[in-house]
Amino acid sequence: MAERRRIGPLPGVSPLPWRLRSRSVCASTEWELDRWLAAAAASSSAPPLPLAVLAAQQRCGHGQQGRLWHSPPGGVWLSAALPWPQQAATAAAPALAVAVALVRELQPLLDRWGAARLAIKWPNDLMVCEGAPPPRKLAGLLPRLRLRGDRVRWVRVGVGLNGCNRVPAGAISLAQLAPGRGHGWLSPPRLAARVLRALEEAAARAVEAEAVRRDAEALLLRELPVWLEGEPWQPAGLALDGRLRLVCGDRERWLDRRF
């Protein structure tokens, strides 16, 4: 929390009263957060939001559809539970709100180096675009709504961000974008503070569904087609609920999120 206080609030966004748990190594921050929420629910009517679990290293980190997320020391591996508007139909899609907020938090760092631009690869990745090379993955998100009936109780968000860690093929770290520079300011605690601040912005903007959708659509990665049934479909837009609009010639279709 000291690092979170050091970077200060965003204009117009009030800091949230985070409750944090830190692990040097764990199987999964998602599983750790599951246990924390279950214990809180057993002792009270609602957990004391917001909560976040951070780990220096995960052994079994996972992303979309249970895919393995490489989580060695040097990155930010975090799972959080956030307050959210109760009416899911009128609130911003969590995947879009968090992705936009994280880009807004990280893009100024990249701009200092003239390094690259960030884009949102639907449904839940942040990609670094550097011109000729293909886009490479910098961060992954795992957003989910926790409902009671048709009302939102809270939003769950898992975040994996490559800081100074080794990365697999197809990925990139912030450290690789600033070669030859000191990386103390890219330490996991400092980057985690920025991730928490981005989550605060996402929660604050959850009532601005259309503005969030427009911002996400402007950041949408359109260079890579989506292959469906052997045909390349071009990303063309986003719906309020986070669905992806695809076009192929004069045809159109929509994809739902699947986490």
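Our subject in this report is the structure included herewith. Being a predicted model, the structure only gives us computed values, none of them experimental. (Residues numbered from 1 in each chain as written. Predicted model: local features only at pLDDT ≥ 70, side-chain atom pairs only at ≥ 80, totals over all residues. Heavy atoms only, no water.)

1. A look at the environment of Leu221
Thinking step 1. Counting through the fold element by element, Leu221 comes out in the loop between helix H5 (209–219) and strand E8 (226–228).
Thinking step 2. Once the C-alpha coordinates of Leu221 and Ala119 are considered, the two residues, 102 residues apart in sequence, prove to be 5.3 Å apart.
Thinking step 3. Here Leu221 is in contact with Ala119, Ile120, Lys121, Met127, Cys129, Pro135 and Pro235, once residues within four sequence places are set aside. (Helix = DSSP H or I, 4+ residues; strand = E, 2+ residues; numbered from the N terminus. Contact = heavy atoms within 4.5 Å.)

2. Brief notes about the environment of Ser79
Thinking step 1. Mapping Ser79 onto the fold places it in strand E3 (residues 76–82).
Thinking step 2. Overall, Ser79 belongs to the buried group, its relative accessible area being 1%.
Thinking step 3. Taking the C-alpha atoms as reference points, Ser79 and Leu33, separated by 46 residues in sequence, lie 6.6 Å from one another.
Thinking step 4. Setting aside residues up to four positions removed in sequence, Ser79 forms contacts with Thr29, Glu30, Leu33, Leu51, Ala52, Val53, Val157 and Gly158.
Thinking step 5. Of note is the side chain of Ser79, whose polar atom sits 2.7 Å from the side chain of Thr29. (Buried < 20%, exposed > 50% of the residue type's maximum accessible area, 1.4 Å probe, protein only. Polar contact = N/O pair within 3.5 Å; in protein donor to acceptor, adjacent residues only side chain to side chain.)

3. Considerations on the sheet that holds strand E11 (residues 251–255)
What links the strands of a sheet is backbone hydrogen bonding, and the strands pair in either a parallel or an antiparallel sense.
Thinking step 1. Strand order in the open sheet made by the 4 strands is E8-E9-E10-E11, with antiparallel pairing throughout. Looking at strand neighbours, the two that pair on one side only are E8 and E11, the edges of this open sheet. Direction aside, neighbouring strands of the sheet carry axes that sit 40° apart on average.
Thinking step 2. As paired elements, E8 and strand E9 (residues 231–238) share 3 bridges and run antiparallel to each other. (Pairing = 2+ DSSP bridges. Axes fitted to C-alpha atoms, helices over the stretch in contact; angles between N-to-C directions.)

This is a description of form; function is not addressed.
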